[in-house]
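Below are the chains, spelled out letter by letter.
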Amino acid sequence: MEKIIEESKQGQSLVLEQKTENTKKLFIESYGCQMNFSDSEIVASILAGQGYNTTQNIEEADLVLVNTCSIRDKAEQTVRKRLDQYNSIKKINPGMKVGVLGCMAERLKSKFLEEEKIVDMVVGPDAYKDIPNLLKEVDEGREAVNVILSKEETYGDVAPVRLNSNGVTAFVSITRGCDNMCTFCVVPFTRGRERSREPQSIMGEIADLWQRGFKEITLLGQNVDSYLWYGGGLKKDYDKASEMQKATAVGFAQLLDMVATAFPKMRFRFSTSNPQDMHLEVIEVMAKHHNICKYIHLPVQSGSTRILQAMNRQHTREEYMELIDNIYRIIPDISLSQDMIAGFPTETEEDHRDTLSLMEHCKYDFGFMFAYSERPGTLAARKLEDDVPTEVKNRRLTEIINLQQKMAWERTRRFVGQTVEVLIEKPSKRSDAHWSGRNSQNTTVVFPKGDYKPGDFVNVKITECTSATLIGEAIGYSEMMTSPVNPKGDNTEGFQTINQ
């Protein structure tokens, strides 16, 4: 399982529209990957029905929740510091309850509740619907913990609120859990085994978002490409399914085709992919639809086959490079990003050079790069000595980052002189006179506002760039705004067709 950790979003407190009938205050903040931020929306939706409005003022909160991440030690240490801060506030507001959600909850439940006594409630990723019952347990002075992992729970029946939303882009969760058992990763132990969400509930959530004016959806999961709906249950039990279930099963390529066809005026992305599950059928569906963005996050972690085997990755260096070659063949204008770990146990200089040469072959646009951090409970922590010195890890990581920055500059520069389609998301950080959005390849584009507004699809002529940002001038609306596919801008007819 790979996670994209957006540092700028870490620790964001979330806020949604206030309900006048709600009298209690919820302060909820998230750390980690996009799945955690999506899960916080589910939790806020459940608690809105229990009388809670969100607040960004922690001092007035009746309930404080932190959605946690265990993928890196840095994330855990940050959350621990926040819990200390919560408890200092709790001395002033003794009625305030504090709860830990997500991946750290399962792993550290006994420490939090029994040894350190720093929280009132611990809730695992599959137990969010139980939060109302757990709050009653806290009120009655009992230990409140539920970290049971589910074989079925996908939260497909919970309509998430959209927290801190720009009203333009949204996440829709389609899978939960992970079966890959990479030796460096805690996710299979904290989030359970893979199961997929029923397709029509996904379509229904997207239809609702379309009616509310959203223009871009990111299909989200620990491993979206392994999406497989055959009537419910774990993916690993698919071989026990009936012939009818197998004949009517829906895979990721089919789901992607369904949503792009039903909602031609919306744009679609997906994250995260795993190389062994990224079949060419998915790439061909991407090439077929203009409204599926030409960007794939395809983590590799190392360029050395020997290290990949030690990580229990289900592919070799050669297989990964062949996949990349096929992706470029089918979608020449694709953008790719990677996850890379420097200094995994036993990594040699030759292994490190293999990583650098693989990066040069793949020509990544973006990257998420880390020095190896031993995570308690993982197979690597139990079986492999963390034997690469810190200074060597840091030097190798620096070389990886420097190469990625060089490639990013070259890849971004290719758009100069081109006209790209941009979905306007928000005002630019550069100036209030500019809009900011992304092109299909996930590169940020900045241009003067003119008469355009967030949610518009605009053609922008690129005149210059930095290593990460394109700068240009809008020259008109794109076909996503002007084509006569559905003049009323109402795609629910396509949704109804699929339901029949």
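Note that the coordinates shown come from a computational prediction; the quantities given were computed from them, not determined experimentally. (Residues numbered from 1 in each chain as written. Predicted model: local features only at pLDDT ≥ 70, side-chain atom pairs only at ≥ 80, totals over all residues. Heavy atoms only, no water.)

Sorry if this is basic, but what is going on with the overall build of the protein here?
A tally of regular secondary structure across the protein gives 17 helices and 22 strands. For the protein, buried positions account for 58% of its 500 residues. For the protein, the proportion of contacts with a sequence separation of at least 24, taken over those separated by at least 6, is 73%. Counting every atom, the protein has about 20500 Å² of accessible surface; 49% of that belongs to carbon and sulfur. (Helix = DSSP H or I, 4+ residues; strand = E, 2+ residues; numbered from the N terminus. Buried < 20%, exposed > 50% of the residue type's maximum accessible area, 1.4 Å probe, protein only. Contact = heavy atoms within 4.5 Å. Areas by Shrake-Rupley, 256 points an atom, 1.4 Å probe, with all protein chains shown as cover.)

Would you mind showing me how to read the environment of Trp210 here?
Relative to the helices and strands, Trp210 resides in helix α7 (residues 199-211). Given a relative accessible area of 9%, Trp210 falls into the buried group.

Would you mind showing me how to read a negative patch on the surface here?
A cluster of acidic residues, Glu318, Glu319, Glu322 and Asp325, forms a negative patch at the surface. Mapping Glu318 onto the fold places it in helix α12 (residues 317-330). (Patch = residues over 30% accessible without salt bridge, like charges linked within 9 Å, V, L, I, M, F, W, Y side chains within 5 Å. Salt bridge = Lys/Arg side-chain N within 4 Å of Asp/Glu carboxyl O. Lys, Arg positive; Asp, Glu negative; His and termini not counted. Charge placed at Lys NZ, Arg CZ, Asp CG, Glu CD.)

Looking at this model, I keep getting lost on the sheet that holds strand β8 (residues 169-173). Mind explaining?
What holds strands together in a sheet is hydrogen bonding between their backbones, with the strands either parallel or antiparallel. The strand order β8-β11-β14 describes an open sheet built from three strands, whose pairing is parallel. Every other strand in the sheet has two partners, leaving β8 and β14 (267-271) as the edge strands with one partner each. Here the average twist between neighbouring strands, direction ignored, is 25°. (Pairing = 2+ DSSP bridges. Axes fitted to C-alpha atoms, helices over the stretch in contact; angles between N-to-C directions.)

What should I look at first to understand the sheet that holds strand β15 (residues 295-297) in this one?
Here we have three strands laid out as an open sheet, ordered β15-β16-β17, and parallel in their pairing. In this open sheet, the two edge strands, each paired with only one partner strand, are β15 and β17 (366-371). Strand-to-strand twist of the sheet, defined as the mean angle between neighbouring strand axes without regard to direction, takes the value 10°. In this sheet, strand β16 (residues 335-342) lies alongside β15 in parallel orientation, the contact comprising three bridges. Bridge pairing in β16 links Tyr295 to Ser335. Packing against the sheet, helix α15 (residues 390-413) makes contact with β16 and β17, and its axis sits at approximately 175° to β17.

It is not clear to me how the environment of Ile327 should be interpreted in this structure. Could you clarify?
Within the fold, Ile327 resides in helix α12. With a relative accessible area of 0%, Ile327 lands in the buried category. Taking C-alpha positions, Ile327 is 9.9 Å from Val282, a pair spaced 45 residues apart along the chain. What Ile327 contacts, discounting residues up to four positions off in sequence, is Ile283, Ile296, Leu298, Ile334 and Leu336.

What is the right way to read the nonpolar core from this model?
The nonpolar side chains of soluble globular proteins are, as a tendency, buried together. Among the nonpolar cores identified, the biggest contains 58 residues, and Ile206, Leu219, Phe270 and Ile296 are the most heavily contacted of them. Broken down by element, the residue count for this core peaks at eight residues, all from helix α9 (residues 252-262). (Core = buried A, V, L, I, M, F, W, Y, C linked by side-chain atoms within 4.5 Å.)

It is not clear to me how the packing of aromatic side chains should be interpreted in this structure. Could you clarify?
Any pair of aromatic rings gets described here by the distance separating the centres and the angle formed by the planes. By the definition in use, this model includes five aromatic pairs. Relative to Tyr238, the ring of Tyr230 has its centre 5.3 Å away and its plane inclined at 75°; by these criteria the two rings are edge-to-face. Given a relative accessible area of 8%, Tyr230 falls into the buried group. Residue Tyr238 is classed as partly exposed on the basis of its relative accessible area of 24%. Judged by centre distance (5.2 Å) and plane angle (85°), the rings of Tyr452 and Tyr477 are edge-to-face. (Phe/Tyr/Trp six-rings, centres within 6.5 Å; stacked < 30°, edge-to-face > 60°.)

Explanation requested: α7 in the structure shown.
Because each turn of an α-helix spans 3.6 residues, side chains separated by three or four positions in sequence point in the same direction. With 13 residues, α7 extends 19 Å between its outermost C-alpha atoms, agreeing within 8% with the 18 Å of an ideal straight helix rising 1.5 Å per residue. Those residues of α7 that fall on the buried side of the exposure criterion are Pro199, Ser201, Ile202, Met203, Glu205, Ile206, Ala207, Leu209 and Trp210. By the N-cap criterion, in which a side-chain oxygen at the helix start approaches the backbone nitrogen of a residue two or three places on, α7 is capped by Glu198, the distance to Gln200 being 3.1 Å. Directly after α7, the chain includes Gly213, whose backbone phi takes a positive value near 100°. (Expected span 1.5 Å × (residues − 1). Polar contact = N/O pair within 3.5 Å; in protein donor to acceptor, adjacent residues only side chain to side chain.)

Is there a simple way to explain the side chain of His434 in this structure?
Its location among the elements puts His434 in strand β19 (residues 434-438). Judged by its relative accessible area of 16%, His434 falls in the buried class. With residues up to four places along the chain from it excluded, the contact list for His434 reads Pro427, Ser428, Val446, Phe447, Pro448 and Lys449.

Before we go on, may I ask you to explain the pairing of strand β22 (residues 469-477) in this structure?
Two faces, one strand: in a regular strand the side chains alternate between the faces of the sheet. Note: strand β20 (residues 444-448) against β22, three bridges, orientation parallel. Following the sheet pairing, Thr444 is matched in β22 by Thr469. Relative to β22, strand β21 (residues 457-465) is paired through seven bridges, and the arrangement is antiparallel. Bridge pairing in β22 links Lys461 to Glu473. Connecting β21 to the next strand, β22, in antiparallel fashion are three residues.

Everything listed here is a matter of geometry and, on its own, says nothing about what the molecule does.
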